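# Descriptive structure summary
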Amino acid sequence: MPDVFPWVRHLNTEEVRAFTVELVDALSDAAELELDTNAHEVIVRWRAMARIKADQERYEEALRPTDGDFGPVEVTP
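Residues numbered from 1 in each chain as written. Predicted model: local features only at pLDDT ≥ 70, side-chain atom pairs only at ≥ 80, totals over all residues. Heavy atoms only, no water.

## As for the overall build of the protein chain
Helix and strand counts for the protein chain come out as 3 helices and 0 strands. Element order for the protein chain, N to C, with α for helix and β for strand: α-α-α. In summary, the protein chain has a C-alpha radius of gyration of 16 Å against a globular reference of 11 Å for 77 residues, an excess of more than 25%. Along the first, second and third principal axes, the C-alpha set of the protein chain runs to 45 × 35 × 15 Å. For the protein chain, restricting intrachain contacts to residue pairs at least 6 apart in sequence, the fraction spanning at least 24 positions comes to 41%. In the protein chain, which carries 8 positive and 17 negative side-chain charges, the distance between the mean positions of the two groups comes to 7 Å. (Helix = DSSP H or I, 4+ residues; strand = E, 2+ residues; numbered from the N terminus. Rg over C-alpha atoms; globule rule 2.2 N^0.38 Å. Contact = heavy atoms within 4.5 Å. Lys, Arg positive; Asp, Glu negative; His and termini not counted. Charge placed at Lys NZ, Arg CZ, Asp CG, Glu CD.)

Here's what the structure looks like:
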């Protein structure tokens, strides 16, 4: 996996395994069901996690509990 997705070095062993399983499932769906967007979504989601974990300050911030109202949520169609 690190040869294809170098950013996995920021994930722990269990996370790399979970990413691999999700990606294989998504690629299987792409081949069998012609759902090619699923694989892209899996990669983007895991890459975002690796990006946060690569920056120790951002990662610690992401782990802190939150409270309060963060305002309205915009939903785009």
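## As for the side chain of Glu-15
Looking at where Glu-15 falls in the secondary structure, it is placed in helix H1 (residues 13–33). By relative accessible area, Glu-15 is classed as buried at 15%. Residues in contact with Glu-15, not counting those within four places in the same chain, are Trp-46, Met-49 and Lys-53. (Buried < 20%, exposed > 50% of the residue type's maximum accessible area, 1.4 Å probe, protein only.)

## As for the pattern of salt bridges
One pass over the structure, following the stated rule, counts 2 salt bridges. Note that Lys-53 is salt-bridged to Glu-15, the shortest N-O span being 2.7 Å. Here the residue Lys-53 occupies a position in helix H2 (residues 37–54), and Glu-15 occupies one in helix H1, the gap between them amounting to 38 residues. Judged by relative accessible area, Lys-53 falls into the buried class, the value being 16%. We note a salt bridge from Glu-22 to Arg-45, for which the minimum N-O separation is 2.6 Å. Of this pair, Glu-22 sits in helix H1 while Arg-45 is found in helix H2, placing the two residues 23 residues apart along the sequence. A relative accessible area of 46% means that Arg-45 is categorised as partly exposed. (Salt bridge = Lys/Arg side-chain N within 4 Å of Asp/Glu carboxyl O.)

## Here we look at the side chain of Lys-53
Here the side chain of Lys-53 touches Glu-15 through a polar contact of 2.7 Å, side chain to side chain. The contact partners of Lys-53, leaving out residues within four places of it in the chain, are His-10, Leu-11, Asn-12, Glu-15 and Tyr-59. (Polar contact = N/O pair within 3.5 Å; in protein donor to acceptor, adjacent residues only side chain to side chain.)

## Here we look at the packing of H1 against H2
For any two helices packed against each other, the geometry is given by the interaxial angle and the distance between the axes. In the contact formed by H1 and H2, the axes pass within 8 Å of each other and the chain directions differ by 165°. Taken as axis vectors, H1 and H2 run roughly antiparallel relative to one another. Where H1 crosses over H2, the two elements pack in a sense that is left-handed. For the pair H1 and H2, contact is made by Glu-15, Ala-18, Phe-19, Glu-22, Leu-23, Ala-26, Leu-27 and Asp-29 and by Asn-38, Ala-39, Val-42, Ile-43, Arg-45, Trp-46, Met-49 and Lys-53, respectively. Counted by class, the contact of H1 with H2 contains 10 nonpolar, 1 polar and 5 charged residues. (Axes fitted to C-alpha atoms, helices over the stretch in contact; angles between N-to-C directions. Parallel < 35°, antiparallel > 145°, perpendicular 65-115°, else oblique. Left-handed = near helix turned anticlockwise from the far one by under 90°. Nonpolar A, V, L, I, M, F, W, Y, C, P; charged D, E, K, R; others polar.)

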